[in-house]
Amino acid sequence: MTASLNKHDQPILLEVNNLKTWFPIRRGLLQRTVGHVKAVDDVSFHVRRGETLGLVGESGCGKTTVGRTLLRLIPNSGGSVRFDGVDVFGAGALQLRGLRRQMQIIFQDPGGSLNPRMRVGNIIGEPLEVHGITSGDETRVRVEELLVKCGLWKQAADRYPHEFSGGQRQRIGIARALSLNPRLIVCDEPTSALDVSIQSQILNLLADLQQEMGLSYLFISHDMAVIHHICDRIAVMYNGKIVEAGSRDEIIGNPQHEYTRALLSAVPEADPRGKKQRVKPENARM
């Protein structure tokens, strides 16, 4: 896919319709279900090929649960997810194995998502060997290529995760996500645990990889400034629902929902003398 193609004209790669993820509330000696926490409640959106959709909202709004549910890391309570026309929730074991190669995730915590007992080469190479793509020396060559592509060095494959900084560990996580040559990557707040200066490096790396490999991203974040920097379209989540969606310029330039205005008002001003009227999120209504 070339950068010159209009992303808005590309076919839909991921389609989510009326997605629900409810967690039971159990009480009493027999642990009867007395209610549900509706973490995700009737959420619908789509992601086109080569596009970045930003899913933004405060902590606890359900955005991470959306990403993990559509990857079948968490069971859904309703709705449907189709990836390139394939029913994700209806896929059997063999079909799901194929989908795993096409849809990957970058986790929020770059330290906690890497096995501290495994060398970096084994962490990145394990998916390749599990899926039967490479083995032996061929795996090592592929791992080294991925490390260099993500801004590290070949010899990093022989070291352990604790020997790297937070930003370097996130680069390792990105290399692991790329190992199976996926088409869609769920980026679950990949920069929130990093210093501001490192955040921009990771965002630029993700943008470069997208242009080079034609990747699609579902980019999950609570930071409107980050979302504005990398996303083509934005969907705003509040209390398990999407309350507003549109192009980046529409949402940033002319927000319609009170909660979206609250998120934008929380973005710091570059000019310390600037005065911004803060909007309180508790004033927002569904």
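Conventions we followed
- Residues numbered from 1 in each chain as written.
- Predicted model: local features only at pLDDT ≥ 70, side-chain atom pairs only at ≥ 80, totals over all residues.
- Heavy atoms only, no water.
- Helix = DSSP H or I, 4+ residues; strand = E, 2+ residues; numbered from the N terminus.
- Rg over C-alpha atoms; globule rule 2.2 N^0.38 Å.
- Contact = heavy atoms within 4.5 Å.
- Pairing = 2+ DSSP bridges.
- Expected span 1.5 Å × (residues − 1).
- Buried < 20%, exposed > 50% of the residue type's maximum accessible area, 1.4 Å probe, protein only.
- Phe/Tyr/Trp six-rings, centres within 6.5 Å; stacked < 30°, edge-to-face > 60°.
- Lys NZ or Arg CZ within 6 Å of the ring centre and 35° of its normal.

*Asks:* Which residues make up the overall build of the chain, and what are the values?
*Replies:* Helix and strand counts for the chain come out as 9 helices and 10 strands. Against the globule reference of 19 Å for 286 residues, the chain gives a C-alpha radius of gyration of 20 Å, in line with a compact fold. By its C-alpha atoms, the chain is 60 × 60 × 45 Å across when sized along the principal axes. Sequence-distant contacts, at least 24 apart, represent 66% of the contacts inside the chain between residues at least 6 apart.

*Asks:* Go over the pairing of strand β1 (residues 12-27) with me, naming the residues and quoting the values.
*Replies:* Both β1 and strand β2 (residues 32-48) contribute to a ladder of 13 bridges, which runs antiparallel. The partner of I12 across the bridge, within β2, is R48. Pairing of β1 with strand β4 (residues 78-83), which is carried by 5 bridges, proceeds in the antiparallel orientation. By the bridge assignment, K20 is partnered in β4 with G78.

*Asks:* Report on the environment of L180, specifying residues and quantitative values.
*Replies:* You can see L180 is positioned in the loop between α5 (166-178) and β7 (184-188). Put simply, L180 and W22 are 158 residues apart on the chain and 31 Å apart in space, counted from C-alpha to C-alpha. Contacts of L180, omitting those with residues within four sequence positions, involve R100, R101, Q104, P127, L128, H131 and I133.

*Asks:* Which residues make up α5, and what values go with them?
*Replies:* Compared with the 18 Å implied by 1.5 Å per residue over 13 residues, the 19 Å span of α5 between its first and last C-alpha is a close match. For α5, the tally of buried residues reaches 10 of 13 residues, placing the bulk of the element in the interior. All buried positions along α5 are accounted for by G167, Q170, R171, I172, G173, I174, A175, R176, A177 and L178. At its buried positions, α5 is contacted by β6 (103-106), α3 (120-130), α4 (137-149), β7 and α6 (196-213).

*Asks:* Any chance you could break down the packing of aromatic side chains for me, citing the residues and the numbers?
*Replies:* According to the stated counting rule, one finds 2 aromatic pairs in the structure shown. With 5.9 Å between their ring centres and 40 degrees between their planes, W153 and F164 make a pair best called tilted. Here the residue W153 occupies a position in the loop between α4 and α5, and F164 occupies one in the loop between α4 and α5, the gap between them amounting to 11 residues. Judged by its relative accessible area of 30%, W153 is partly exposed. Judged by relative accessible area, which is 4%, F164 ranks as buried. Residue placement shows K38 over the ring face of W22; its charged tip is 4.6 Å from the ring centre. Across from the ring centre of F164, 4.9 Å away, lies the NZ or CZ of R159, which sits over that ring.

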